[in-house]
Amino acid sequence: MTKNPKPKILYLIDGHAQFFRAYYAIRSGMSSPVTQEPTNLTFGFTSMLLKLLREDKPDYLVVAIDVSGDQETFRSELYPEYKANRDKAPDDFHPQVERCLDVLSQMGIPVLGQAGVEADDTIATLVKQLRAQHPDLKIRIVSRDKDLTQLIDDHVEMFDAHKDATVTPSDIFKVEGVEPKHVADILALMGDTSDNIPGVPGIGPKTAANLILQYGTIDNLYDHIDEIKGKKRENLEAFKEQVALSRQLVALIEDVEFDFDLEQAINDPSTLPVEQLLETFRQLGFNRHQDELKKLASGGDEAKEQGKPSMGSGDSGDSGDSGGGFGGGLFDQVQEGQVPRVIDGEYELITTKTRLKELVREIKQAKRFAVDTETTGLDAMQAKLCGVSISLKPKTGFYIPTRSPTPSKHLDTETVIETLRPVLEDPSITKIGHNLKYDLLILRQHGVDLAGQFDPENNDTLPLFDTMVASYVIDATRSSHKMDVLALSLLGHTCIPITELIGKGKNQTTFDTVPLEVACDYAAEDADITLRLHDVMRSQLESTGLKSLFEDVEMPLVEVLAELQFNGIHVDPDELDTQKVRIQERIDTIRQSIIDAAPHPFNPDSPKQLGVALFNKPDQDPPGLGLKVIRRGKTGPSTDQEVLDRLAGDPSIESEIPRLIIEYRQLTKLVNTYLESLKEAINPETKRIHASFNQTVAATGRLSSSDPNLQNIPIRTDVGREIRRAFKADKGNVLISADYSQIELRLLAHLSDDPSLIEAFTAGEDIHRAVAAEVYGVTPEKVTFEQRHSAKMINFGIIYGITPFGLARRLGGEVTNKQAETIISDYKARFTGIDAFLGQCVQEAIEKGYVETILKRRRAVPQVSAANQQIRALGERMAINTVVQGSAADLIKLAMIDLYRTLPESYPGVKMLLQIHDELVFEAPKSQAEEV
């Protein structure tokens, strides 16, 4: 018998998904040595493409792209808020997309796209056509878009290029049994934050999946709505119309009109226009690609087939990121000069006390070492130590396990800790780590103070060097400071991804289940790479003049932030529950009041229905309030926050609906975003929330907070302030909150040296009234409420480079852009020092490419030289904001370091707990509270 021929496979690449993936995989400032154009995206995408052609050898290859913007499709006409939450693509993104399309054109790879629809619709249409025309063809969609899982069947699969794995709906929604036919209904119920598609409050992916698995379809679910109980049923009923809209938005269009012949997509590397492509690669500076292209076109460099997923193999991916590494995926070669991942060092597993003592002696002689801890999880307050890795010189490393599947084969935790303690706590030995705050916390759980304490008598800083923090100080605008990404960017090395050891998603295990030999290579490599990064970054810090900022501010701050996280803050779960019940009652009351006050019954959660109730004429069907439309979207009047604020502040509008809607939305957000998440974050052992304060996120130098974010708890409303009542001190203690008064304005006065602003602060005047008096040329006592309000808006806005348009929006009412422009020009005329300072900030950015804070912290601002006027204006605002806000961040960091060092001497019972921008929160014994 003759065997059936192997079915041919079409690879269908979701173009823009891969463009964005490539862009954010490499943010190292790559540019062409010939044209000077940015090339990080182009390099990453081209690397992926060549690897795909070389290793997967597709029979056919097509790329689908979006040719319309986020707000230029039928979906945005159907729902103006569709994708309205997305930030504008970076200035250097689209030119590189055009370069990629040019490369695709040269390679003869078809690119499909249609105005008015998205790439998903183009893909869906092509799949439908090919399934009908070529029933034996296998189709592999190169994407991880959950919408596209609707298309999967026995001939169509989705392929996660980054992870070299196929993807199923069950992988995406984390629920077994989910089939492609269920996907659209699940998406409609859960909504999609990335596309700004509304779902049903309280229904996430798993709940939505389980409901659809139980009832089959949304229609059948609503036919049996009486079987659903409690709040879930209330929300399903209240948002039924919204669900119907969402269902339309997630449905894929399968009848997009375009011409396509499968023969156009035949992949034959031998026909590639090698000379033309070589010239393109030379122009772009892609030297490595030139050799790859020659081998590909000549049929050389055959790829190894083992380990590659095949159609129907059952391999599944997962939505979790691999921790910043790109090994094993289509982005293996995202850095120029990178070689395929190999174990690039001599790594030793240490399992005896004798050998560990020898290592300790070697460390004492070396006087420096890189250290990293391996643990069972990411929460430093709950994770268990699995081992310690150490590196003394590049391309060497040691792993000392403490927890593994075979505990009899290595030392126990106490022995390892006590043997290493002398060198870990010796302040004369430099410790190098990546994200050292985590290691400080892990070791502190075992009674180890890494590197010993600060010596106030000799004013010695801690002998610590954090490569993550160094990366941030050198280039705060880098999109990622993860070790894997830095290894790619600075060393050309691909690290072992953690997912190779512990898996992904629901099947993910913990590090203590990894066999010792495998764990050794991974852990020792971490320490080795950290040491190598240190050797590169140390010279960069010195050459850029950033060594002092790093050593005197950022590194001492690491231990302060570890202290904050370790201390945590007590949060009363009962108080959170009480507030939730009380606020939910208020939400229900407001909701009913809105409906009662409307000219016709409507769903307050539906922006479209709200627009009808507000702006329809009273004699229309359905009747509305007949209010004046503030701003229109493509399909109707806008009802966003800005519009509602203006309506609520208009004294001529008698209806309470705008004000009630604002409160309704605020309270709903409070319940969902804060009260529920805060309770979930309480540590079960300490009964405290141990939030992480991060110093390598904001480009201005400000700290951020996560797990949970405690810096965004609203305090401007009574209900928002109530949330803070749940934060309590332990018995016998009190919480102390200390903040700076209008610190950014004071810094503006200092940096600009403006005499009028300085005089107002020196005299202790109401700064906004004083500024209004200057701008409007009246005495302070004659300043009107409106004039003070205008001065307040511009005082705060000037720090962010406010525009006339922006000021007009802040002032609301009937203030025009022209009037706002006059207010700003009058302000600058009266405060000439401020105007000159703002100009200096922008000029510095233009001349140097970066601006500096008061402590010489740098932020690159290439946008100030952009050809696009809007991007250029954005860069100017960033330059101003960075200098002022960044200097305020410098100041609070210095205060945190000083207080951390000095308070314990006089008040050992005091703990620093939180930093909320210009505010610090402490816990102190009641007896010491006044003195503290």
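Reading the values: the criteria
- Residues numbered from 1 in each chain as written.
- Predicted model: local features only at pLDDT ≥ 70, side-chain atom pairs only at ≥ 80, totals over all residues.
- Heavy atoms only, no water.
- Core = buried A, V, L, I, M, F, W, Y, C linked by side-chain atoms within 4.5 Å.
- Buried < 20%, exposed > 50% of the residue type's maximum accessible area, 1.4 Å probe, protein only.
- Helix = DSSP H or I, 4+ residues; strand = E, 2+ residues; numbered from the N terminus.
- Contact = heavy atoms within 4.5 Å.
- Axes fitted to C-alpha atoms, helices over the stretch in contact; angles between N-to-C directions.
- Parallel < 35°, antiparallel > 145°, perpendicular 65-115°, else oblique.
- Left-handed = near helix turned anticlockwise from the far one by under 90°.
- Nonpolar A, V, L, I, M, F, W, Y, C, P; charged D, E, K, R; others polar.
- Salt bridge = Lys/Arg side-chain N within 4 Å of Asp/Glu carboxyl O.
- Pairing = 2+ DSSP bridges.
- Polar contact = N/O pair within 3.5 Å; in protein donor to acceptor, adjacent residues only side chain to side chain.
- Patch = residues over 30% accessible without salt bridge, like charges linked within 9 Å, V, L, I, M, F, W, Y side chains within 5 Å.
- Areas by Shrake-Rupley, 256 points an atom, 1.4 Å probe, with all protein chains shown as cover.
- Lys, Arg positive; Asp, Glu negative; His and termini not counted.
- Charge placed at Lys NZ, Arg CZ, Asp CG, Glu CD.

Brief notes about the nonpolar core
Across soluble globular proteins, you tend to see nonpolar side chains buried next to one another.
Piece 1. Among the nonpolar cores identified, the biggest contains 115 residues, and L359, I390, L420, L678, L710 and M896 are the most heavily contacted of them.
Piece 2. Here the element with the most residues in this core is helix α25 (residues 657-680); it accounts for eleven residues.
Piece 3. Once you skip the residues sitting within four places of it in the chain, M896 turns out to touch L557, V560, L561, L564, L703, M912, Q915 and L920.
Piece 4. By size, the runner-up hydrophobic cluster in this structure holds 59 residues, among which are L148, L187, L236 and V250.

Quick notes on the packing of helix α17 (residues 467-474) against helix α21 (residues 547-567)
Piece 1. Interaxial distance between α17 and α21 falls to 11 Å at its minimum, and their mutual angle equals 135°. Viewed along their axes, α17 and α21 adopt a mutual orientation that is oblique. Viewed along their axes, α17 and α21 form a crossing whose handedness is right-handed. Residues V469, A470 and V473 of α17 form the contact with α21, whose participating residues are L549, F550, E554, M555 and V558.
Piece 2. Grouping the constituent residues of the contact of α17 with α21 by class yields seven nonpolar, no polar and one charged.

Thoughts on unusual backbone geometry
Piece 1. Geometrically, the link from D621 to P622 is a cis peptide bond, its omega value of -5° lying close to zero.
Piece 2. Position of P622 among the secondary structure elements: in the loop between α23 (607-615) and α24 (641-648).
Piece 3. Backbone geometry places H917, a non-glycine residue, at a positive phi of 60°.
Piece 4. As for its placement among the helices and strands, H917 is situated in the loop between β21 (911-916) and β22 (919-925).

A short note on the pattern of salt bridges
Piece 1. Enumeration according to the criterion identifies 43 salt bridges in this entry.
Piece 2. In this structure, the salt-bridge partner of E292 is R288, at a minimum N-O distance of 3.0 Å. Separated by four residues within a single helix, E292 and R288 lie in helix α13 (residues 287-298), roughly one turn from each other.
Piece 3. Look at the salt bridges and you will find they share partners, linking E348, R355, E358 and E362 into a network.

What to know about the pairing of β22
Regular strands have side chains that alternate between both faces of the sheet.
Piece 1. Across the seven residues of β22, seven count as buried, placing the element largely inside the fold.
Piece 2. Neither face of β22 is open: one carries E919, V921, E923 and P925, the other L920, F922 and A924, and all of them are buried.
Piece 3. Bridge analysis of strand β18 (residues 733-739) against β22 gives seven bridges, and the strand direction is antiparallel. By the bridge assignment, A738 is partnered in β22 with L920.
Piece 4. In this sheet, β22 lies alongside β21 in antiparallel orientation, the contact comprising five bridges. Bridge pairing in β22 links K911 to E923.
Piece 5. Turn length for the β21-β22 hairpin, with the two strands adjacent in sequence and antiparallel, is two residues, and the turn residue H917 shows positive phi of about 60°.

Quick word on the sheet that holds strand β10 (residues 396-401)
Piece 1. The mixed open sheet is built from six strands, whose spatial order is β7-β10-β9-β8-β11-β12. In this open sheet, the two strands that pair with only one neighbour each are β7 (346-349) and β12 (464-466). Neighbour-to-neighbour, the strand axes of this sheet turn through a mean angle of 25°, independent of strand direction.
Piece 2. Bridging between strand β11 (residues 430-433) and β12 involves three bridges; their strand directions are parallel.

Points about the side chain of R421
Piece 1. Following the sequence through the fold, R421 ends up in helix α15 (residues 413-424).
Piece 2. At 2.7 Å, the side chain of R421 forms a polar contact with the backbone oxygen of G447.
Piece 3. Aside from chain neighbours lying at most four places away, what touches R421 is H446, G447 and V448.

Points about a positive patch on the surface
Piece 1. Together, K353, K357, R361 and K364 give the surface a local cluster of positive charge.
Piece 2. Turning to its location among the elements, K353 is positioned in helix α14 (residues 353-366).

Take it as geometry only, folks, not as evidence of what the structure does.
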